[in-house]
Number of protein chains: 4
Amino acid sequence: MKGLAMLKIGEIGWIEKERPACGPRDAIVRPLALAPCTSDVHTVWEGAIGERRNLILGHEALGIVDEVGDEVKDFKPGDRVIVPAITPDWETEAAQRGFPSQTGGPLGGWKFSNTKDGVFAEYFHVNLADYNLAHLPEGMSLEAGVMLPDMLSTGFMGAENARIGFGSTVAVLGIGPVGLSAVAGARLRGAGRIFAVGTRPAAVKVAKEYGATDIISYREGSTVDQILDKTGGAGVDAVIVAGGGPEVMMDAINVAKPGSVISNINYFGSGIGDQDIIPLPRVGWGYGMADKNIVTGLCPGGRVRMERLADVVMCGRMDPSLMATHVFKGFDRLKDALLLMKEKPRDLIKPVVIVEE
Amino acid sequence: MKGLAMLKIGEIGWIEKERPACGPRDAIVRPLALAPCTSDVHTVWEGAIGERRNLILGHEALGIVDEVGDEVKDFKPGDRVIVPAITPDWETEAAQRGFPSQTGGPLGGWKFSNTKDGVFAEYFHVNLADYNLAHLPEGMSLEAGVMLPDMLSTGFMGAENARIGFGSTVAVLGIGPVGLSAVAGARLRGAGRIFAVGTRPAAVKVAKEYGATDIISYREGSTVDQILDKTGGAGVDAVIVAGGGPEVMMDAINVAKPGSVISNINYFGSGIGDQDIIPLPRVGWGYGMADKNIVTGLCPGGRVRMERLADVVMCGRMDPSLMATHVFKGFDRLKDALLLMKEKPRDLIKPVVIVEE
Amino acid sequence: MKGLAMLKIGEIGWIEKERPACGPRDAIVRPLALAPCTSDVHTVWEGAIGERRNLILGHEALGIVDEVGDEVKDFKPGDRVIVPAITPDWETEAAQRGFPSQTGGPLGGWKFSNTKDGVFAEYFHVNLADYNLAHLPEGMSLEAGVMLPDMLSTGFMGAENARIGFGSTVAVLGIGPVGLSAVAGARLRGAGRIFAVGTRPAAVKVAKEYGATDIISYREGSTVDQILDKTGGAGVDAVIVAGGGPEVMMDAINVAKPGSVISNINYFGSGIGDQDIIPLPRVGWGYGMADKNIVTGLCPGGRVRMERLADVVMCGRMDPSLMATHVFKGFDRLKDALLLMKEKPRDLIKPVVIVEE
Amino acid sequence: MKGLAMLKIGEIGWIEKERPACGPRDAIVRPLALAPCTSDVHTVWEGAIGERRNLILGHEALGIVDEVGDEVKDFKPGDRVIVPAITPDWETEAAQRGFPSQTGGPLGGWKFSNTKDGVFAEYFHVNLADYNLAHLPEGMSLEAGVMLPDMLSTGFMGAENARIGFGSTVAVLGIGPVGLSAVAGARLRGAGRIFAVGTRPAAVKVAKEYGATDIISYREGSTVDQILDKTGGAGVDAVIVAGGGPEVMMDAINVAKPGSVISNINYFGSGIGDQDIIPLPRVGWGYGMADKNIVTGLCPGGRVRMERLADVVMCGRMDPSLMATHVFKGFDRLKDALLLMKEKPRDLIKPVVIVEE
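Residues numbered from 1 in each chain as written. Chains lettered and ligands numbered in written order. Predicted model: local features only at pLDDT ≥ 70, side-chain atom pairs only at ≥ 80, totals over all residues. Heavy atoms only, no water.

An unreviewed UniProt entry annotates chain A as Alcohol dehydrogenase (NADP+) of Methanoculleus thermophilus. Per UniProt, chain A carries the Cofactor (unreviewed entry) text "Zn(2+)". Entered under Sequence similarities (unreviewed entry) in the UniProt record, the comment concerning chain A runs "Belongs to the zinc-containing alcohol dehydrogenase family." (UniProt positions renumbered as here; feature names shortened; annotations may be inferred.)

Once that is clear, we can look at the UniProt feature "domain: Enoyl reductase (ER)" (unreviewed entry) in chain A. The sites that UniProt annotates as "domain: Enoyl reductase (ER)" (unreviewed entry) are residues 10-295 of chain A. With 25% helix and 24% strand, residues 10-295 of chain A has end C-alpha atoms that lie 32 Å from one another. (Helix = DSSP H or I, 4+ residues; strand = E, 2+ residues; numbered from the N terminus.)

The next point concerns a negative patch on the surface. On the surface, Asp70 and Glu71 of chain A together with Asp70 and Glu71 of chain C cluster together into a negatively charged patch. Checked against the element boundaries, Glu71 of chain C lands in the loop between strand S5 (61-68) and strand S6 (80-83). (Patch = residues over 30% accessible without salt bridge, like charges linked within 9 Å, V, L, I, M, F, W, Y side chains within 5 Å. Areas by Shrake-Rupley, 256 points an atom, 1.4 Å probe, with all protein chains shown as cover. Salt bridge = Lys/Arg side-chain N within 4 Å of Asp/Glu carboxyl O. Lys, Arg positive; Asp, Glu negative; His and termini not counted. Charge placed at Lys NZ, Arg CZ, Asp CG, Glu CD.)

With that settled, consider the environment of Ala207 of chain A. Residues and elements named next belong to chain A. Positionally, Ala207 belongs in helix H7 (residues 201-210). Each C-alpha atom of the pair Ala207 and Ile64 lies 32 Å from the other, and the pair is 143 residues apart in sequence. Each residue touching Ala207, except ones within four places of it in the same chain, is listed here: Ile175, Leu180, Val183, Ala196, Ala212 and Ile215. (Contact = heavy atoms within 4.5 Å.)

Take the packing of aromatic side chains next. Within the structure shown, the criterion is met by 20 aromatic pairs over all chains. A ring pair is formed by Phe156 of chain A and Phe166 of chain B, whose centres lie 4.3 Å apart and whose planes are at 35 degrees; its orientation type is tilted. Remark: Phe166 of chain B occurs in the loop between helix H5 (148-161) and strand S9 (170-173) and Phe156 of chain A occurs in helix H5 (residues 148-161); the pair is interchain, linking two chains. Accessibility expressed as a relative area gives 0% for Phe156 of chain A, which makes it buried. The ring centre of Tyr123 of chain A lies 4.8 Å from the NZ or CZ of Arg19 of chain A, which sits over that ring. (Phe/Tyr/Trp six-rings, centres within 6.5 Å; stacked < 30°, edge-to-face > 60°. Buried < 20%, exposed > 50% of the residue type's maximum accessible area, 1.4 Å probe, protein only. Lys NZ or Arg CZ within 6 Å of the ring centre and 35° of its normal.)

In this structure, two copies of a chain are linked by a rotation about an axis accompanied by a shift along it. Superposing chain B onto chain A takes a rotation of 180 degrees plus a shift of 0.0 Å along the axis, which leaves an RMSD of 0.0 Å. As the rotation angle and translation indicate, the two copies are arranged about a two-fold axis. Across chain B, the rotation axis passes nearest the C-alpha of Arg189 of chain B, at a separation of 2.1 Å. Taken together, the interface assignments show that 100% of the residues at the interface of chain B recur at the interface of chain A, consistent with an identical surface on both copies. (Least-squares fit on C-alpha atoms with pLDDT ≥ 70 in both.)

Take the sheet that holds strand S2 (residues 11-16) of chain C next. All names here are of chain C. Strand order in the open sheet formed by three strands is S2-S1-S4, with antiparallel pairing between adjacent strands. In this open sheet, the two edge strands, each paired with only one partner strand, are S2 and strand S4 (55-56). Relative to S4, strand S1 (residues 2-8) is paired through two bridges, and the arrangement is antiparallel. By the bridge assignment for S4, Met6 is matched with Leu55. (Pairing = 2+ DSSP bridges.)

As a further point, take the pattern of salt bridges. Residue and element names in this part refer to chain B. Here the structure, examined in full by the defined rule, presents 99 salt bridges over all chains. A salt bridge links Glu356 to Arg30; the shortest N-O distance between them is 3.2 Å. In this pair, Glu356 is assigned in the segment after strand S17 (350-354) and Arg30 in strand S3 (residues 27-34), connecting sequence segments 326 residues apart. Taking relative accessible area as the criterion, Glu356 reaches 29% and is therefore assigned partly exposed. Using a relative accessible area of 24% as the deciding quantity, one classes Arg30 as partly exposed. Across the pair Lys230 and Asp214 runs a salt bridge, and its minimum N-O distance is 3.7 Å.

Here we come to the nonpolar core. Here is a general trend for soluble globular proteins: nonpolar side chains tend to be buried in one another's company. Grouped together as the largest cluster of nonpolar side chains are 58 residues, with contacts concentrated most on Leu148, Phe156, Ile164, Leu180 and Ile240 of chain D. Broken down by element, this core gets its largest block of residues, seven residues, from helix H6 (residues 177-188) of chain D. Taken together, domain 1 (2-151 + 299-354) and domain 2 (155-296) of chain D each give at least three residues to this core, which thus spans both. For Phe156 of chain D, the residues in contact, after removing those within four places along its chain, are Phe166 of chain C together with Ser181, Ala184, Gly185, Leu188, Arg305, Leu309, Val312 and Met318 of chain D. (Core = buried A, V, L, I, M, F, W, Y, C linked by side-chain atoms within 4.5 Å. Domains from an automatic or database assignment.)

With 47 residues of chain A in contact, the opposing surface of chain D contributes 47 residues. Where chain A abuts chain D, roughly 4,000 Å² becomes buried across the two surfaces, and 56% of that area is made up of carbon and sulfur atoms. At the boundary of chain A and chain D, one finds four salt bridges. Taking the shortest distance from any N to any O, the salt bridge between Asp276 of chain A and Arg282 of chain D comes out at 2.9 Å. Counting every contact that joins chain A to chain D gives 27 residue pairs in polar contact (both at pLDDT 80 or more). Contributing elements (two or more residues each) for the side of chain A that touches chain D: helix H9 (248-254), strand S13 (256-264), strand S14 (277-281) and strand S15 (292-295) of chain A. For the side of chain A that touches chain D, a count of residues per class yields 22 nonpolar, 15 polar and ten charged. Across five bridges, S14 of chain A lies against strand S14 (residues 277-281) of chain D in antiparallel orientation. By the bridge assignment, Ile278 of chain A is partnered in S14 of chain D with Leu280 of chain D. (Buried area = accessible area lost by both parts, 1.4 Å probe. Polar contact = N/O pair within 3.5 Å; in protein donor to acceptor, adjacent residues only side chain to side chain. Nonpolar A, V, L, I, M, F, W, Y, C, P; charged D, E, K, R; others polar.)

This is the structure we're talking about:
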């Protein structure tokens, strides 16, 4: 079968591999819609997860079940499915402790294009099919659906972890597709004012549709100062960090009020200095005593998560397809889509590849 | 001054009283907009809080500050304010434990028309003005604003306590104004399907606008069966009990799935039998072991709560004025409004009295 | 193989059955130590879970692994293990929602002596061995260890759910072995005063060792009044309901202060009236508005839970063997132990059967 | 009156000041027992809170009420009281949001020896006496009691914020008196293994008495490596940071497992580099995605907190007087006690000054 792979750090290409084998509780799925992720770009061109040879990329997919193992009960060939980016081993120690995305080690629930071949292939393997696949609801567009596996799940987690209450004031730092999903998630948790920090017009437009009340641009000066100014010096109840280099945590903490949450959903692909650190501002952090709490996490995966996100969309609570700014038709266009993600033109939020209708 | 009072159980009337005195940290406020509450009806005609003589009724008000004590810093005469139904003593033991609405005993944060004269008067007294009043935002309509002190605060608490997550399935039992606020609150916490149980057309219409996806009528059969049927037998993740007699808890528990929350915002004005009980269904409750958890509370009060609800409204997250179906003009119409609440015609959700524009 | 079974409601006896078969991820275990539970008594003589024919009883065991399936990695024949009473299917919907004990329906994680044969047999079957067994630590006595599968896990859950903080005042209603474990659990969560309600001298003695500061006897008058009296009328922050008939919830709620938790770990084997209800006191419950929250649950199971309880014991935090008041030697004594549990002499807390040393 | 003051950065001395005035809700208290805190040392000799002139030091005291304002109800002259280090304005915005220690700005609940004169004086002022004082229980030793205002409250908060469950494995970095209190607090939350990192023999002895199961010394190599080694590479569920320079956060995060809490109770008196930062390790932090959550806070204050800590002690849950290694008699010895704290001899945990018996 054909797949779009990282050949080595800095290089991608189409390769041939054998169709994966199906265990008794697994499924083999072929793609229906695919989306490249910024982390595919990090993986290939920044070596974010280290060297990989001929690893098939991709972890955002809708699919059609092609084969299921003997013990699979709820899915059969031909079923249209949502495939979560994170497919935990649900029985394991970390899951029993309440951290399924960390099964088998840090970020261990992330398998596609990390510890096994990803979804950018004619066929891909899904572990624990009954528990890691969800049925694609009738009537959900592919452009909307393909945002669920990672963008919505991660962005919404950002809002969940931020402990937003009714009327909380929230700042979302970064309005790529994950940040936009966090904006939508913050509104769906009951936030009042939402400050969205970004400048790209396409993203700004969607941020407003998703509930941002104030758009903050770094071009107008310090984002921290602007938000402090607009809140009468108080700062915000919650910050969702959805982009930026290591120094973004300085801003995040400085803009949060005493008694607040800084919820990180940013993948820190690089740090500062020899020790490879992420800096926090000592004074802004209240010398470690201002109740500015930092919460992290990895995209929740699994069937129930996908079903619940699908319910949110099917009940009309928000429309993720607004983020699909660039839609390609055909599996062969996958490389173009990925390169577009790398290039990141100003009018891009998220490229999507529709493989089958 | 003039006030609309409960003369004794079963009887209301206009009375004359002295204008209340203002302590150093208090305010005297005159009404801008008022709303009668179902609990005023319970108080008078059902004797829900026991006998009261010449007690001025009412706890839902917007007002204009008329006088402030020496130590009040943030308010001055002429300020337009939101007056929460619940005005806690914020320093006390229960508040330090995290339960400000229970300061000074069960439901002790509820003072207006309970332990002191209420807001249905030409002037009324507010304790701890700096901490129990909030400025009425420019541009908020009086019809919207007067829903904040109790309806929104209580209904939203119902949603908060229900621990709704993204895509949770929720049933709201009862769609009076508190139930409708709970529907809106559930949507604003990220609920997926919301089953609203009620039949009155005016309320049904608003329930849909506020986010209900399914309307359930007891006229079509058992509400429990209908909801179980629509959820494939699973039941719901959260139930908000927003109306009904004591037996409503039977339905609430029977319709909840194992691992769920039943969030009560219903004032139980009467119980069953000599022991005056509220019954739970033993089997439906999983013999006490099915993780069906029952959470209660009294409307949160105080300044910060009102400011945050105001932010929700001013940011356009929902429009509480949709519930103001009957608007009266002039303080003199207050009695008509209260009697309308008692009579409860089918097209009524909430009567509002605009005292000044 | 031989097993002690419920022949039908009201009758037990030794029966012969085939040794259970071992699936690829399962284990077959033979008993090392066993303990009868009050719920075995309920099951047989009160028909609490309905009619069962020739169902092998028992769900509290330490064991020796006899056989493991092909896919089992962490256990091998000869390993000494703790077998949790509750053995969830960790992948399923309820587990993904955070309620593993409710997998597959209400109380569905409870399989032994409920939906399959129990542990009172020469061999018994454990599903998902790698995730539902734990190694028995070197140096843990069998009398201590056999308390972990249910007594400690349930009693400690009672304390966890009660949201006890440092210095919280707690009442534990009932001091059978689960109630005693709840007393120990309350102390281990940092409780201040702990009121233990019970009269049996053996239990009273252990309650004091486990941290009870006040023993309350119903013989001295109303337990509610006694506790209110000793708390200056305030009531307690948390109540753990660990025994009693359906009316125990009346006391539990009446003794709790506004802003409190009633944590139920009592199996309600019978209700009141035709509707089979559990009653709550309307006024004591603050008309549904006094923030008296009722939390329930079923004993947590699985490997991680057992490992953590074992750590508590091995670190010397409490000694569960104090509850093993009656120790029998030999598998053949199992029936005697169970009948003793039924008879419940005054000096009994918990009978234990040591099968092998 | 006489007081021991910071004359300027780097210099202390006895000064004369006027006895403070008592507002209507306040109290004037004279000291019964006092204790210097490491933060007094930071304040004076490291300028941690900036320049202060003639500021009376001290925030850890037991006292005797000397005068109360007109509105004070629960205290009268002669009462023996516990004075919390943190005395919030309980009505204010931050308190209504749930962060009383942050009232009036970051760390704003901390008033003694920060924004007003401290307790190292013949008389000191307590705001909101009814809500910020607690009665000293009969029978509590002064050496034990004087640990409550800050040491126990802060150390226990470290354990509370760490979300310790039954059997959690905890590392406490630093075993000064706050770290030792955190060890005791961790045990009182139900921790299993507790790794206490420190070397001073007096502290090591108390750490073991308070529940530490493993003592880790940096002299034996990297503390991170030692703890990872002792946990089979897994790391710990919770880290309490109770001492160290800015780089302690590197260790804290590296020793925590994916899915864990790092609970900080360390006052960071200095940072790294021009930007004055606290560094986090990018890789150890799982690139920001390993669910390693960082929780902070400032010592909880107020009456209820003190009463609850007193209950913990009076119920025999732990004995804080073990930390009082050096006891001075007489107000005049205060300077000696403070200088001893600065000097920090190896056998010191905490100096205490008994002013009156």
